[in-house]
Amino acid sequence: MLLPQPLAHGRLVQRYKRFFADVVLDDGRAVTAHCPNPGAMLGLNTPGFGVWLSAADDPKRKLAWTLELVEADGGLVGINTMLPNRLVAEALAADAIPELTGYAVHRREVRFGEASRVDFLLTHPDREPCWMEVKNCHLSRTKGLAEFPDCVAARSLKHLRELETMARAGDRAVVLFVVQRTDCQAFSACHDLDPAFAAGLDHAADTGVEVLVYACDMAVGEIRIARRVDWRR
């Protein structure tokens, strides 16, 4: 998918209160940007890192700038947690995820579980429905290894349990991790940062929930889901 253009480059001053980032742009302007990421952003919130911001012309917005990309570990890392669902929708439409082809209808935000909405419901008259949750992943503490989550993710654990229910009922259930970086060839749950989620992911897989991990090609102008990454239990 294409990112809003043009993007402005700058240097991160600080990220604070989860949703705010102070940035000095290359032209010298100091701005405060919306940070669309509720996680800890470990390894990506270091002052001085290069960042890319998009600008909105909506006068109703309190913050005109949005933090989209961070320059880290020699490449670009996407931190906008709103993008993975859009990236997946685009990939599904293009049949770019082989494990998820062959469905006639792709519905989004469908009610399921206990007062929840599943990210995608894929259906076809001749197949069992496929319930799919999408998770954004950008943490990498070991070279080549992507990890999730970067903080306690109680809501994500709840989603896994709801997917288990669908799998037990005979439907297909999938959790898809979208790695918004190019330098990872493997994926693992963060046993130290959230042992409950790590155990929950193993349990979900043993119950019949499919675990898929896909990494993205990253550029200043475009992000797209590109290749499968191995899951290390």
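Notes on the structure in this doc start here. Every value quoted in this text rests on a predicted model; they were computed, and no experiment measured them.

### Re the layout of surface pockets
(1) Moving on: Considering only enclosed or pocket space, the largest pocket measures out at about 850 Å³ in volume.
(2) Moving on: Lining the largest pocket are 35 residues, with P38, T81, K135, R155 and S156 positioned closest to its centre.
(3) Moving on: Here the lining of the largest pocket is built from residues that sort into 14 nonpolar, 9 polar and 12 charged.
(4) Moving on: Of the pockets and cavities examined, the second largest pocket occupies roughly 160 Å³.
(5) Moving on: In terms of lining residues, the second largest pocket is bounded by 14 residues, among which P4, S54, T66, E68 and N80 are the most central.
(6) Moving on: Secondary structure elements with two or more residues in the lining of the second largest pocket: β4 (50-55), β5 (65-72) and α1 (83-93).
(7) Moving on: Residue classes in the lining of the second largest pocket are distributed as 7 nonpolar, 4 polar and 3 charged.

### Some words on the sheet that holds strand β11 (residues 145-148)
(1) Moving on: Strand order in the open sheet formed by 4 strands is β10-β11-β13-β16, and the pairing between neighbours is mixed. In this open sheet, the two edge strands, each paired with only one partner strand, are β10 (139-142) and β16 (230-231).
(2) Moving on: Where strand β13 (residues 186-189) and β16 come together, 2 bridges link them in parallel fashion. In the strand pairing of β16, A186 is matched with D230.
(3) Moving on: Of the strands in this sheet, β11, β13 and β16 are in contact with helix α3 (residues 195-207), which crosses β13 at around 110°.

### A word on the pairing of strand β7 (residues 105-112)
(1) Moving on: Where β7 lies against strand β8 (residues 116-124), 7 bridges are found, and the strand directions are antiparallel. By the bridge assignment for β8, F112 is matched with S116.
(2) Moving on: Connecting β7 to the next strand, β8, in antiparallel fashion are 3 residues, including G113 with a positive phi near 65°.

### Considerations on the nonpolar core
(1) Moving on: Counting residues in hydrophobic clusters, the biggest one holds 29 residues, and the most contacted among them are W131, V175, F177, F187, F197 and L201.
(2) Moving on: Each residue touching V175, except ones within four places of it in the same chain, is listed here: E133, K135, L160, L163, L201, V209, E210, V211 and L212.
(3) Moving on: Grouped together as the second largest cluster of nonpolar side chains are 28 residues, W52, L87, A91 and I225 included.

### Description of the environment of A64
(1) Moving on: With respect to the element layout, A64 can be found in the loop between β4 and β5.
(2) Moving on: For A64, a relative accessible area of 36% gives the class partly exposed.
(3) Moving on: When the C-alpha atoms of A64 and S54 are compared, they prove to be 8.3 Å apart, with 10 residues separating the residues in sequence.
(4) Moving on: Beyond its immediate sequence surroundings of up to four residues, A64 is in contact with S54, A55 and A56.

Conventions we followed
Sequence order as written defines the numbering, with residues in each chain counted from 1. Per-residue local features of the predicted model are confined to residues with pLDDT of at least 70, and side-chain atom pairs are confined, for both listing and counting, to 80 or more; whole-chain, interface and lining totals are unaffected and use all residues. Hydrogens and water molecules were not included; the side-chain quantities draw on all heavy atoms of the structure. Using protein atoms alone on a 1 Å grid, points that fit a 1.4 Å probe yet trap it form a cavity, whereas open point sets bounded by protein on both sides within 12 Å along at least five of seven lines form a pocket; residues with an atom within 4 Å of a point count as lining. Grid points are joined across faces, edges and corners, and a volume is the space filled by probe spheres set on the points. Ten residues, namely Ala, Val, Leu, Ile, Met, Phe, Trp, Tyr, Cys and Pro, are considered nonpolar, four, namely Asp, Glu, Lys and Arg, are considered charged, and the remaining ones, Gly among them, are considered polar. Think of it this way: any DSSP run of H or I at least four residues long counts as a helix, any run of E at least two long counts as a strand, and we number them from the N terminus. Strands pair, by our definition, only if DSSP identifies at least two bridges between them. In what follows, a contact means two residues having at least one pair of non-hydrogen atoms within 4.5 Å. Axis lines are fitted through C-alpha atoms, for helices just across the contact stretch, and the angle between N-to-C directions can take any value from 0 to 180 degrees. Joining through side-chain atoms within 4.5 Å is the link that ties buried Ala, Val, Leu, Ile, Met, Phe, Trp, Tyr and Cys residues into a set, and such a set is a nonpolar core. A 1.4 Å probe rolled over the protein chains alone gives each residue an accessible area, and that area as a share of the maximum for its type sets the label: buried under 20%, exposed over 50%, partly exposed in between.

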